[in-house]
Amino acid sequence: MSALKLHSSPVLDIYSADMETELELPLVSEGISAGFPSPALDFTIVSIDLNKELVKHPASTFYGRVKGQSMKDEGIEDGDMLVIDKSIEALDGKIAVCYLDGEFTIKKIMLLKNVCWLMPANENYQPIQITPENDFLIWGIVTHVIKSF
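Let me begin by describing the structure that accompanies this report.

Moving on, we get to unusual backbone geometry. Unusually for a residue other than glycine, aspartate 101 sits at a positive phi of about 50 degrees. Residue placement: aspartate 101 occurs in the loop between strand S7 (95–100) and strand S8 (103–112). Residue class for aspartate 101 comes out partly exposed when judged on its relative accessible area of 43%.

Below, the structure is given as structure tokens:
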């Protein structure tokens, strides 16, 4: 799978989603126990394509590589890959990639009494109130976070 880098900033690198390729990967369809080990089973091996699993609207989906820790308490950390869908409505409580005064940022949307706030998930960062003076756009909604361990 190849992706074209569309933008780079101190907070986020944005890539196109290449839906032309397929990569079928094996999936343990019975699930994997996160508690006590389950007895060995004859697992049925099925396969999935992560493009089809993670991307619901190919024409409006992009990937973003996170830079920074402002959303760490939501499980979004430096180096994580985001799946961003521009076709999803920006609602209260959604995690969004926003364009604010010439820069991209990732924050949770909070709507309070006709005021939009961008809320970090790290106590070291302050909430951002959106005012008419801001150049502001909700660019897309985060649908998945892909982590490396």
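With that settled, consider the side chain of serine 60. Mapping serine 60 onto the fold places it in the loop between helix H1 (50–54) and strand S5 (61–66). Among the polar contacts listed, one links the side chain of serine 60 to the side chain of serine 87, at a separation of 3.3 Å. Discounting residues that sit within four places of it in the chain, serine 60 has contacts with Ile84, Asp85, Lys86 and Ser87.

Between side chains of opposite charge, a pair can form as their charged atoms come close. Under the defined criterion, the tally for this structure stands at 6 salt bridges. In this structure, the salt-bridge partner of lysine 72 is aspartate 73, at a minimum N-O distance of 3.1 Å. Classification of lysine 72 as partly exposed rests on a relative accessible area of 35%. Classification of aspartate 73 by relative accessible area gives exposed; the value is 52%.

By the bridge criterion, 3 bridges tie strand S1 (residues 5–8) to strand S2 (residues 12–16) in an arrangement that is antiparallel. Among the inter-strand pairings, serine 8 is bridged to a residue of S2, identified as aspartate 13. The antiparallel pairing of S1 with S2 creates a hairpin that spans 3 residues between the two strands.

Turning our eyes to something else, we now look at the pairing of strand S6 (residues 81–85). Of all the 5 residues making up S6, 5 are buried; the element is thus mostly covered by neighbouring parts of the structure. Alternating positions in S6 separate into two faces, Met81, Val83 and Asp85 on one and Leu82 and Ile84 on the other, with burial throughout. When S5 meets S6, the two strands line up antiparallel, connected through 5 bridges. Opposite threonine 61, over in S6, you have aspartate 85 as the bridge partner. Both S6 and strand S11 (residues 136–146) contribute to a ladder of 5 bridges, which runs antiparallel. Its bridge partner lying in S11, leucine 82 is registered against valine 145.

Calculation rules
- Residues numbered from 1 in each chain as written.
- Predicted model: local features only at pLDDT ≥ 70, side-chain atom pairs only at ≥ 80, totals over all residues.
- Heavy atoms only, no water.
- Helix = DSSP H or I, 4+ residues; strand = E, 2+ residues; numbered from the N terminus.
- Buried < 20%, exposed > 50% of the residue type's maximum accessible area, 1.4 Å probe, protein only.
- Polar contact = N/O pair within 3.5 Å; in protein donor to acceptor, adjacent residues only side chain to side chain.
- Contact = heavy atoms within 4.5 Å.
- Salt bridge = Lys/Arg side-chain N within 4 Å of Asp/Glu carboxyl O.
- Pairing = 2+ DSSP bridges.

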